[in-house]
Amino acid sequence: MRRRLLYAGFGILATLVGMAAGHLVAALVDPASSPVLAVGSTVIDLTPTPVKEWAVQTFGTADKPILVGSVMMGAVALAAIGGILARRRFVAGALVLVLLVAVAGAAAVLRPGAGPLDVLPALATALTGVAALWWLTRAASAAAADGTEASSGQGPSRRGVLVAAGALAAAGAAMGGIGRFVSGLRADPSDVTLPSPADPAPTFPTGLDEKVPGISSFRTPNDDFYRIDTRLSLPVDDTEDWTLTIDGDVEEEVTLTFDDLRSMELIERDITLTCVSNDVGGPYVGGARWLGVRLTDLLDRAKVGRTADQILSTDVDGMTISTPLGVATDGRDAMLAIGMNGEALPREHGFPVRMVVPGLYGFVSACKWITRMTLTTYDEQQAYWTERDWATDAPIKVSSRIDTPKSFADVDAGRTFVGGVSWAQDRGIGKVEVQVDGGAWQEARLGPSAGVDYWRQWYLPWEAEPGEHTLTVRAVTQEGDVQSPARAMPFPDGSSGYQQIVVRVQ
């Protein structure tokens with residue numbers, strides 16, 4: 001039994017060293033081609049929509065580490081089996097490792113946008129893993145052949161095995177560390193200098209952040225901005241190699257570099273983005289100041305034809321997002337953004353360029369790491385989320401959230417407040433109302449406005465009496481449209497309903 005465990009450990013260590021080698025090669029080629037990440041991405045693509053939504057609602061932004069960890073656990077289990085088989089017959093154990101890596105290699109090369117070089121990480125993983133397994137099993141066999149295996153059956157001497165295992169572990173750690181270092185060196189957004197906008201946003205007003213403790217920041221810091229996408233690794237596109245192609249139903253196909261984009265007339269706008277996976281009262285919404293080129297200025301260069309009804313955007317790795325052409329060109333401040341809150345786009349938010357369309361959920365507008373815009377029709381081509389039965393036209397629904405107090409919080413009796421944020425992009429918030437224990441709706445006090453495309457902070461002074469209380473919030477647009485009370489889940493076109501929380505007053 002002890003020897004089986006020993007050889008199972010050989011298989012696991014050999015596989016981990018192979019993965020480290022593959023990670024290093026992927027850092028030089030394309031991080032997304034790393035075997036573990038390639039398998040994880042394939043799992044995401046094959047996962048049914050209800051399961052994806054459950055994962056987002058249950059694990060939030062931790063869903064990706066959990067997925068990667070699950071893939072790793074499966075790989076480790078198979079690697080242990082390979083190690084045990086290698087005890088009797090090395091070829092059998094090595095074949096398990098090779099088959100394991102072959103699955104990862106196939107996942108890497110079959111990704112949209114993959115190239116021939118994307119198979120290299122898998123090859124490096126296979127060769128390194130098999131070589132490591134051979135060294136470990138050879139060390140164990142040599143120890144036994146030299147008579148160092150005790151007659152009591154305690155197994156081979158530790159010396160040769162420990163030397164091999166220690167060397168491999170150190171090599172694996174070094175390769176993994178170098179891979180992370182190399183990835184960090186590529187395409188650093190902090191090296192990008194942003195020009196001043198030709199059409200700047202108005203002075204940003206002071207929000208209620210200090211006046212109402214616990215309320216969401218009026219402007220969401222880049223590090224706190226939500227991130228929901230299908231990517232397990234961040235693209236490493238840089239500004240020197242990046243290009244944007246506009247093709248399809250256009251009179252003239254256009255290709256632009258990052259410098260071309262930066263030299264065009266730039267606008268600066270305060271816009272709140274919302275993820276369609278945001279449930280009622282959820283965290284996947286944030287406000288930022290964006291810098292970019294009007295989408296209409298770019299489309300005018302290509303001269304859009306008469307049949308197109310969608311912009312099919314493609315990112316650096318082939319992910320596609322469809323945007324209704326009529327909405328994107330109806331006069332709202334749709335743009336290809338290069339800046340966020342006074343800095344170049346962070347990698348996790350689309351560096352070097354992403355699309356921003358106020359009033360539409362991200363899955364039909366916010367293509368990050370964009371490299372192509374194809375003018376086409378919904379009948380001719382479908383995007384990633386459209387193929388999975390999500391809506392094609394998904395305007396953001398009027399929504400409100402209570403930030404403070406938190407649900408089930410203990411609140412001191414007496415004068416206090418209820419506060420939060422509301423949003424109705426492209427329409428603007430006219431008022432917010434709060435209901436206590438099913439009573440009459442009370443109008444809350446609004447914070448300053450940063451435009452119709454930006455959320456509004458709000459608060460309601462409240463004389464809290466001892467006992468358990470239910471608080472409900474709703475918003476009304478500037479046009480008088482009241483937030484829908486009908487409860488709906490995010491799939492297929494966004495959640496709806498009033499947020500309702502319970503607090504205990506003592």
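Definitions and limits used
Residues numbered from 1 in each chain as written. Predicted model: local features only at pLDDT ≥ 70, side-chain atom pairs only at ≥ 80, totals over all residues. Heavy atoms only, no water. Helix = DSSP H or I, 4+ residues; strand = E, 2+ residues; numbered from the N terminus. Buried < 20%, exposed > 50% of the residue type's maximum accessible area, 1.4 Å probe, protein only. Contact = heavy atoms within 4.5 Å. Pairing = 2+ DSSP bridges. Axes fitted to C-alpha atoms, helices over the stretch in contact; angles between N-to-C directions. Parallel < 35°, antiparallel > 145°, perpendicular 65-115°, else oblique. Left-handed = near helix turned anticlockwise from the far one by under 90°. Core = buried A, V, L, I, M, F, W, Y, C linked by side-chain atoms within 4.5 Å. Polar contact = N/O pair within 3.5 Å; in protein donor to acceptor, adjacent residues only side chain to side chain.

To continue, consider the side chain of Lys 368. On the secondary structure map, Lys 368 appears in the loop between strand S9 (354–356) and strand S10 (370–376). Given a relative accessible area of 10%, Lys 368 falls into the buried group. Residue contacts for Lys 368: discarding those within four places in its chain leaves Arg 227, Ile 228, Asp 229, Asp 315, Glu 348, His 349, Gly 350, Val 353 and Arg 354.

On to the sheet that holds strand S6 (residues 320–324), then. If you walk across this open sheet you meet the 5 strands as S2-S1-S10-S5-S6, and the pairing is mixed. Of all the strands in the sheet, the pair left with one neighbour each is strand S2 (254–257) and S6. The average angle at which neighbouring strand axes cross in this sheet is 20 degrees, direction not considered. Where strand S1 (residues 243–248) and S2 come together, 4 bridges link them in antiparallel fashion. Across the sheet, Ile 246 pairs through a bridge with Val 254, a residue of S2.

Packing of helix H4 (residues 63–88) against helix H5 (residues 90–109) brings their axes to within 5 Å, and their N-to-C directions diverge by 160 degrees. Viewed along their axes, H4 and H5 adopt a mutual orientation that is roughly antiparallel. Crossing of H4 over H5 shows left-handed handedness. Contacts from Ala 75, Leu 78, Ala 79, Gly 82, Leu 85, Ala 86 and Arg 88 in H4 reach Phe 90, Ala 92, Gly 93, Val 96, Leu 97 and Leu 100 in H5.

The tendency in soluble globular proteins is for nonpolar side chains to be buried side by side. Formed by 80 residues in total, the largest nonpolar core has its most connected members in Ile 246, Trp 290, Leu 298 and Met 373. Apart from the residues lying within four places of it in its own chain, the contact partners of Leu 298 are Leu 244, Ile 246, Leu 256, Leu 261, Met 264, Val 293, Leu 336 and Met 373.

Right, let's talk about the environment of Gly 281 for a bit. Among the secondary structure elements, Gly 281 is positioned in the loop between strand S3 (266–274) and strand S4 (285–294). A C-alpha to C-alpha distance of 43 Å links Gly 281 and Met 175, two positions 106 residues apart in sequence.

As a further point, take the environment of Trp 458. Along the chain, Trp 458 turns up in strand S17 (residues 456–464). Using a relative accessible area of 0% as the deciding quantity, one classes Trp 458 as buried. Separated by 12 residues in the primary sequence, Trp 458 and Leu 446 place their C-alpha atoms 4.4 Å from one another. There is a polar contact of 3.4 Å between the side chain of Trp 458 and the backbone oxygen of Val 421. Of note is the side chain of Trp 458, whose polar atom sits 3.3 Å from the side chain of Ser 422.

Next up on the list: the sheet that holds strand S12 (residues 410–411). Taken in spatial order, the 5 strands of this open sheet run S12-S19-S18-S14-S15, and their pairing is mixed. Each having just a single partner strand, S12 and strand S15 (442–443) make up the two edges of the open sheet. Relative to strand S19 (residues 499–505), strand S18 (residues 467–477) runs antiparallel, the two being bridged by 7 bridges. Paired with Val 473 across the strands is Gln 499, a residue of S19.

Next up on the list: the pairing of S17. Most of S17 sits out of view: 7 of its 9 residues are buried. Bridge count between strand S13 (residues 414–423) and S17: 9 bridges; the pairing is antiparallel. Bridge assignment links Gly 420 to a residue of S17, and that residue is Trp 458. As paired strands, strand S16 (residues 445–446) and S17 are joined by 2 bridges and run antiparallel to one another. Opposite Leu 446, over in S17, you have Trp 458 as the bridge partner.

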